Amino acid sequence: MSTYLLVHGAWHSGECWERVVPLLESAGHRAFTPSLTGHGDKARLLGPEVGLDTHVDDIVELITEEDLTEVVLVGHSYAGLVISAAANRLPDRIAHLVYLDAMVPEDGESAADVMPVTQALIDLALKSDNGWRVPPLPGLPPPSGLFGVTDPADVAWLRTTLSDLSVRCLQQPVRLDNPAANSIPRTHIHCTEGRPEGFDRRPVPATQPNGSPARVRELATGHDCMVTMPAELTDLLLELG
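Keep in mind that what you see is a predicted model, and the values were worked out from it rather than measured.

(A) Quick peek at the packing of helix α2 (residues 52-65) against helix α3 (residues 79-89). The geometry of α2 relative to α3 is characterised by a closest axis approach of 9 Å and an angle of 55 degrees between their N-to-C directions. The angle between the axes of α2 and α3 places the two elements in the oblique class. Where α2 crosses over α3, the two elements pack in a sense that is right-handed. For the pair α2 and α3, contact is made by Leu 52, His 55, Val 56, Asp 57, Ile 59 and Val 60 and by Leu 81, Val 82, Ala 85, Ala 86 and Arg 89, respectively. Considering only residue class, the contact of α2 with α3 consists of 8 nonpolar, 1 polar and 2 charged.

(B) Examining the environment of Ser 35 more closely. Take Ser 35: it is sitting in the loop between β2 (30-32) and α2. Taking the C-alpha atoms as reference, Ser 35 lies 17 Å from Arg 168; in sequence the two are 133 residues apart. Setting aside residues up to four positions removed in sequence, Ser 35 forms contacts with His 8, Ser 13, Gly 14, Gly 40, Asp 41 and Lys 42. Only 2.9 Å separates the side chain of Ser 35 from the backbone nitrogen of Gly 14, close enough to count as a polar contact.

(C) Quick look at the pattern of salt bridges. Evaluation of the coordinates by the stated rule reveals 9 salt bridges. For Arg 93, the salt bridge is made with Asp 67, and the minimal N-O distance between the two is 3.1 Å. Note that Arg 93 is positioned in the loop between α3 and β4 (94-100) and Asp 67 in the loop between α2 and β3 (71-76), a separation of 26 residues in sequence. With relative accessibility at 18%, the residue Arg 93 sits in the buried group. Residue class for Asp 67 comes out exposed when judged on its relative accessible area of 51%. Two residues, Arg 201 and Asp 101, come together in a salt bridge whose shortest N-O distance is 2.6 Å. Linking Arg 201 in the loop between β7 (186-191) and β8 (216-219) with Asp 101 in the loop between β4 and α4 (111-114), this pair joins segments that are 100 residues apart in sequence. When its relative accessible area of 29% is taken as the criterion, Arg 201 is described as partly exposed. Residue Asp 101 is classed as buried on the basis of its relative accessible area of 2%. What emerges from the salt-bridge pattern is a single network uniting Asp 101, Arg 195 and Arg 201.

(D) Representation of the packing of aromatic side chains. Counted by the stated rule, this structure contains 1 aromatic pair. Ring geometry for Trp 11 against Phe 147: centres 5.8 Å apart, planes inclined by 40 degrees, an arrangement best described as tilted. In this pair, Trp 11 sits in the loop between β1 (3-7) and α1 (21-26) while Phe 147 sits in the loop between β5 (133-134) and α6 (152-161), placing the two residues 136 residues apart along the sequence. Residue class for Trp 11 comes out buried when judged on its relative accessible area of 6%. Geometry around Trp 157 places Arg 19 over its ring, the cationic atom sitting 5.8 Å from the centre.

(E) Region of interest: helix α9 (residues 230-240). Taken residue by residue, α9 has Pro 230, Leu 233, Thr 234, Leu 236, Leu 237 and Leu 240 as its buried positions. Seen from one end, α9 has its buried residues packed into an arc of 160 degrees, which puts them on one side.

(F) Region of the structure containing the sheet that holds β4. An order of β2-β1-β3-β4-β7-β8 is seen for the 6 strands of this open sheet, with the pairing classed as parallel. Two strands in the sheet have a free side with no partner beyond their single neighbour: β2 and β8. Sheet twist, expressed as the mean angle between neighbouring strand axes with direction ignored, is 20 degrees. One ladder, built from 3 bridges, connects β1 with β2; its direction is parallel. Bridge pairing in β2 places Leu 5 opposite Phe 32. Along the sheet face, α2 touches β1, β2, β3 and β4 and points at about 160 degrees away from the line of β1. Strand contacts of α3: β1, β3 and β4, with the helix running at about 150 degrees to β3, the strand carrying the most contacts.

So, how was this worked out
Residues numbered from 1 in each chain as written. Predicted model: local features only at pLDDT ≥ 70, side-chain atom pairs only at ≥ 80, totals over all residues. Heavy atoms only, no water. Axes fitted to C-alpha atoms, helices over the stretch in contact; angles between N-to-C directions. Helix = DSSP H or I, 4+ residues; strand = E, 2+ residues; numbered from the N terminus. Parallel < 35°, antiparallel > 145°, perpendicular 65-115°, else oblique. Left-handed = near helix turned anticlockwise from the far one by under 90°. Contact = heavy atoms within 4.5 Å. Nonpolar A, V, L, I, M, F, W, Y, C, P; charged D, E, K, R; others polar. Polar contact = N/O pair within 3.5 Å; in protein donor to acceptor, adjacent residues only side chain to side chain. Salt bridge = Lys/Arg side-chain N within 4 Å of Asp/Glu carboxyl O. Buried < 20%, exposed > 50% of the residue type's maximum accessible area, 1.4 Å probe, protein only. Phe/Tyr/Trp six-rings, centres within 6.5 Å; stacked < 30°, edge-to-face > 60°. Lys NZ or Arg CZ within 6 Å of the ring centre and 35° of its normal. Arc of directions from axis to C-beta. Pairing = 2+ DSSP bridges.

This is the structure:
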């Protein structure tokens with residue numbers, strides 16, 4: 001039995017994994033899908049003080065409180081920063097890092113550094129009446145859709161799960177100063193369809209930090225592949241467990 005900890009991206013909640021969890025569990029594995037502070041069942045906790053460090057604390061506390069070990073830690077989108085920092089703090093508890101169409105930071109970088117288009121969202125939030133809220137991205141015509149989701153029923157459901165993000169999440173730098181974390185194997189899963197202009201992905205280096213060749217897998221779907229291709233995503237995750 002493997003333990004999967006699935007971390008949602010910006011604006012989303014733990015609900016986004018609801019099509020993947022039963023598939024992992026039916027294969028005999030455990031799956032945790034927390035909502036980060038300010039999202040889902042924790043939406044009431046959103047405030048200007050919530051930042052990347054808050055979300056890293058969320059994951060570190062869950063791992064320690066549940067005494068999880070040999071964790072396959074999956075981060076979607078913005079959560080690539082979250083899982084990187086969590087692994088930096090608890091490297092001995094992480095068996096594998098999975099960057100699911102995710103931001104992959106270097107030490108000291110923020111989301112805006114990893115994906116410069118994010119700076120426009122920060123600027124809009126700082127100029128808004130409240131000065132700190134970042135609303136979810138709007139839906140676009142297919143093939144981009146709403147985070148890559150284009151089916152009308154799925155779009156309608158997804159909208160009900162989204163909430164604002166604190167600008168501090170996009171501004172705060174990640175801390176990656178623990179050499180022990182470099183030994184953790186990594187896999188990158190890229191969604192290849194419907195990527196909006198400007199949301200460019202960094203190339204994956206040919207070699208992982210642990211010296212092994214890079215592991216890159218692709219899904220021919222939009223960004224929220226856990227909604228659009230849950231079975232195919234689960235198959236890739238099961239390879240790692």
